[in-house]
Amino acid sequence: MRGWLVLLPLIISFAAFSAASKTLDIYVIDVEGGNATLFVSPSGESLLIDTGNGGNAAARDAGRIMAAMKDAGIQQLDHLITTHWHGDHFGGMPELASKVTIKEFIDHGDNVQPAQATDDFLKTYPQLYGKAKHTVVKPGDKIAISGLEWRIVTSAGEHIIAPIPGAGRPNPYCATFKPQEVDKSENAQSVGSHVTFGKFRVLHLGDLTWNKEFDLMCPQNRLGTVDLWIVSHHGQAISNSEVLAHAIQARAAIMNNGTRKGGQPDAMKIIHSAPGLEDLWQIHFSQLSGQEYTVPGMFIANTVDEPQNAMPVAPIQAPQPGPGATPAPVHNGAAYWIKVSAQQDGTFTVVNARNNFSKTYKPRT
Ligand SMILES: [Zn+2]
Ligand SMILES: [Zn+2]
């Protein structure tokens with residue numbers, strides 16, 4: 001009997017390992033309104049999209065990424081995509097690269113938005129990838145990961161011309177599209193990924209902005225429909241137009257928003273009315289949503305260090321940035337991810353790590 005008890009943890013971890021080896025696992029990690037999304041294929045090959053924030057937040061965000069890696073049972077990153085040169089996407093990279101082996105660094109190429117911190121970082125970037133592989137991707141490229149079809153659909157302001165196999169029908173939402181101001185920032189340069197695992201499809205376009213969504217999705221819907229959508233740009237309203245959000249007919253969407261970044265009414269009205277969307281999951285309660293626009297708390301992964309007893313019904317407007325602005329509520333304490341486990345037949349399960357609420361989406365018949 002005693003021998004059995006000693007062996008029990010081994011048996012349990014072996015069972016967990018063999019279960020994990022059949023699914024594509026995706027961790028949407030809380031990096032306080034930045035991005036970090038970890039993909040682990042059934043073979044154990046890994047790809048991280050973005051590394052969260054730098055500066056004082058680098059240790060926190062790199063630590064949260066490493067916690068997800070540990071949960072996934074991986075020791076290194078086989079691929080890292082940096083979607084674009086904004087600090088909430090590349091900031092944690094030096095810290096993470098000092099702790100974890102990264103075998104391939106993928107990006108869209110040169111920065112189009114000069115800024116002191118970015119320029120300083122990019123001088124040191126070649127040292128980070130010096131001993132690894134460095135790949136600049138263009139639309140239509142594939143990233144070789146066994147078991148997955150990983151397609152780059154946008155990069156450096158360009159998009160795929162040929163639709164994804166099976167896609168390419170006329171997009172009915174193009175007719176009513178209203179362009180926003182032209183975005184000359186790095187957001188519009190975002191590396192966008194479309195990933196297929198058996199019948200399961202997931203889309204992650206980084207911070208790609210409104211007018212670029214039109215270029216990609218009109219007049220024909222080059223992406224077709226997906227099962228899971230990682231909401232663009234933290235759920236901000238300068239991305240996530242109907243031509244994207246309504247045309248892809250995602251069943252579940254996950255928004256990597258901050259406590260006061262993303263989730264504002266204009267974005268939420270479009271997402272909540274997306275045809276086919278069964279649930280929106282959020283990394284944070286957002287003050288910009290208020291009760292009026294947010295999802296139930298069971299779909300939200302994180303609160304803040306000093307939680308309020310109640311969230312006001314009305315959304316607030318973000319103050320103008322500047323020295324006098326009230327800071328956003330802080331969350332440096334225990335953080336929770338939203339984890340997705342997908343199967344070849346298209347079934348996928350989403351788990352909120354804060355409350356362990358989970359939901360399984362069976363393939364549509
Ligand atoms: Zn948080
Ligand atoms: Zn961002």
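Calculation criteria
Residues numbered from 1 in each chain as written. Chains lettered and ligands numbered in written order. Predicted model: local features only at pLDDT ≥ 70, side-chain atom pairs only at ≥ 80, totals over all residues. Heavy atoms only, no water. Donors = N, O, S within 2.8 Å, 3.2 Å for Na, K, Ca; no water. Tetrahedral: all angles 85-135°; square planar, octahedral: opposite > 155°, others 65-115°. Buried < 20%, exposed > 50% of the residue type's maximum accessible area, 1.4 Å probe, protein only. Helix = DSSP H or I, 4+ residues; strand = E, 2+ residues; numbered from the N terminus. pLDDT = per-residue confidence, 0-100. Contact = heavy atoms within 4.5 Å. 1 Å grid on protein atoms, 1.4 Å probe; cavity = no way out; pocket = protein on both sides within 12 Å on 5 of 7 lines; lining within 4 Å. Points joined across faces, edges and corners; volume = space filled by probe spheres on them. Nonpolar A, V, L, I, M, F, W, Y, C, P; charged D, E, K, R; others polar. Polar contact = N/O pair within 3.5 Å; in protein donor to acceptor, adjacent residues only side chain to side chain. Disulfide = S-S within 2.5 Å. Expected span 1.5 Å × (residues − 1). Bend = angle between axes of the 7 residues up to and from the residue. Core = buried A, V, L, I, M, F, W, Y, C linked by side-chain atoms within 4.5 Å. Phe/Tyr/Trp six-rings, centres within 6.5 Å; stacked < 30°, edge-to-face > 60°.

1. Some points on the coordination of the zinc ion (ligand 2)
Six octahedral donors around a metal ideally make angles of 90 or 180 degrees; four tetrahedral donors ideally make 109.5 degrees.
So, step 1. The zinc ion (ligand 2) binds to the protein through Asp88 (OD), His89 (NE2), Asp207 (OD) and His234 (NE2); the donor distances cover 2.1 to 2.2 Å.
So, step 2. Geometry at the zinc ion (ligand 2) is irregular, judged from the four donor atoms that bind it and their angles of 82 to 162° at the metal.
So, step 3. Judged by its relative accessible area of 0%, His89 is buried.

2. Remarks on the coordination of the zinc ion (ligand 1)
So, step 1. Protein ligation of the zinc ion (ligand 1) involves Asp30 (OD), Glu32 (OE), His284 (NE2) and His331 (ND1), the donor distances falling in the range 1.9 to 2.0 Å.
So, step 2. Classification of the site at the zinc ion (ligand 1) rests on its four donor atoms, whose angles at the metal span 94 to 124°, yielding the label tetrahedral.
So, step 3. Spacing between the donor residues of the zinc ion (ligand 1) along their common chain follows D-x1-E-x251-H-x46-H. Taken together, the positions of Glu32 in the loop between β1 (24–28) and β2 (37–40) and His284 in strand β14 (residues 279–284) put the pair 252 residues apart, joining distant regions of the chain. We note that Glu32, like His284, is buried.

3. Here we look at the confidence of the model for the protein chain
Reading fine detail from the predicted coordinates is not recommended where pLDDT is low.
So, step 1. Overall, the predicted model of the protein chain reaches an average pLDDT of 94, with 94% of residues at or above 70.
So, step 2. Contacts for the low-pLDDT stretch residues 15–20, under 50 throughout, to residues beyond four places or in other chains number one contact.

4. Some details on unusual backbone geometry
So, step 1. A cis amide bond links Cys218 with the next residue in sequence, Pro219, at an omega value of 0°.
So, step 2. Checked against the element boundaries, Pro219 lands in the loop between α6 (210–217) and β12 (228–230).
So, step 3. The phi torsion at His234 lies on the positive side, around 65°, for a residue other than glycine.
So, step 4. As for its placement among the helices and strands, His234 is situated in the loop between β12 and α7 (242–245).
So, step 5. With a relative accessible area of 3%, His234 lands in the buried category.

5. What to know about empty space enclosed by the protein
So, step 1. The final tally for this structure, using the stated rule, is two cavities of 30 Å³ or more.
So, step 2. There is about 50 Å³ of room inside the largest cavity.
So, step 3. The wall of the largest cavity is formed by Asn35, His89, His204, Gly206, Asp207, Ile230, Val231, His233, His234 and Asn256.
So, step 4. Considering only residue class, the lining of the largest cavity consists of two nonpolar, seven polar and one charged.
So, step 5. Lining the second largest cavity are Thr154, Gly157, Glu158, His159, Ala188, Leu208, Lys212, Asp215 and Leu216.
So, step 6. Every element with two or more residues in the lining of the second largest cavity is listed here: β9 (158–159) and α6.

6. Comments concerning the side chain of His86
So, step 1. One can find His86 in the loop between β4 (79–81) and α3 (87–90).
So, step 2. At 2.7 Å, the side chain of His86 and the side chain of Gln113 are in polar contact.

7. Some remarks on the pairing of β1
So, step 1. The buried fraction of β1 is high, at five of five residues.
So, step 2. Across the two faces of β1 the burial is the same, with Leu24, Ile26 and Val28 and Asp25 and Tyr27 all buried.

8. Regarding the state of the cysteines
Chemically, a disulfide is nothing more than a covalent bond linking the sulfur atoms of two cysteines.
So, step 1. Summed over the entire model, instances satisfying the criterion amount to one disulfide.
So, step 2. With its sulfur 2.0 Å from that of its partner, Cys174 forms a disulfide with Cys218. One disulfide, between Cys174 and Cys218, carries an S-S torsion of -95° and so falls in the left-handed class. On the criterion of sequence distance, the pair formed by Cys174 in the loop between β9 and β10 (192–197) and Cys218 in the loop between α6 and β12 is long-range, its members being 44 residues apart. The same class applies to Cys174 as to Cys218, namely buried.

9. Topic: helix α5 (residues 116–129)
Given 3.6 residues to a turn, an α-helix orients residues that are three or four positions apart in the same direction.
So, step 1. End to end, α5 covers 21 Å across 14 residues, agreeing with the expected 20 Å (1.5 Å per residue, within 8%).
So, step 2. Of all bends in α5, the biggest is about 35°, found at Lys123, and the proline Pro126 comes one to four residues later.
So, step 3. Those residues of α5 that sit buried are Thr118, Phe121, Tyr125 and Tyr129.
So, step 4. Where α5 is buried, its residues touch α3, α4 (93–99), β5 (104–107) and β6 (133–136).

10. Quick look at the nonpolar core
So, step 1. In this structure, Ile81, Trp150, Leu223, Leu228, Trp229 and Ile254 are the most contacted members of the largest nonpolar core, which totals 64 residues.
So, step 2. Aside from chain neighbours lying at most four places away, what touches Ile81 is Leu47, Leu48, Ile49, Asp50, Ile106, Ile143, Trp150, Ile152, Val191 and Ser193.

11. Considerations on the packing of aromatic side chains
So, step 1. Under the definition given, this model contains 16 aromatic pairs.
So, step 2. With 5.6 Å between their ring centres and 35° between their planes, Phe121 and Tyr125 make a pair best called tilted. Taken together, the residues Phe121 and Tyr125, both in helix α5 and four residues apart, mark about one turn of the helix.
So, step 3. On the numbers, 4.7 Å between centres and 10° between planes, the contact of Phe348 with Tyr361 is stacked. One end of the pair, Phe348, is in strand β17 (residues 348–352); the other, Tyr361, is in strand β18 (residues 358–361), and 13 residues separate them in sequence.

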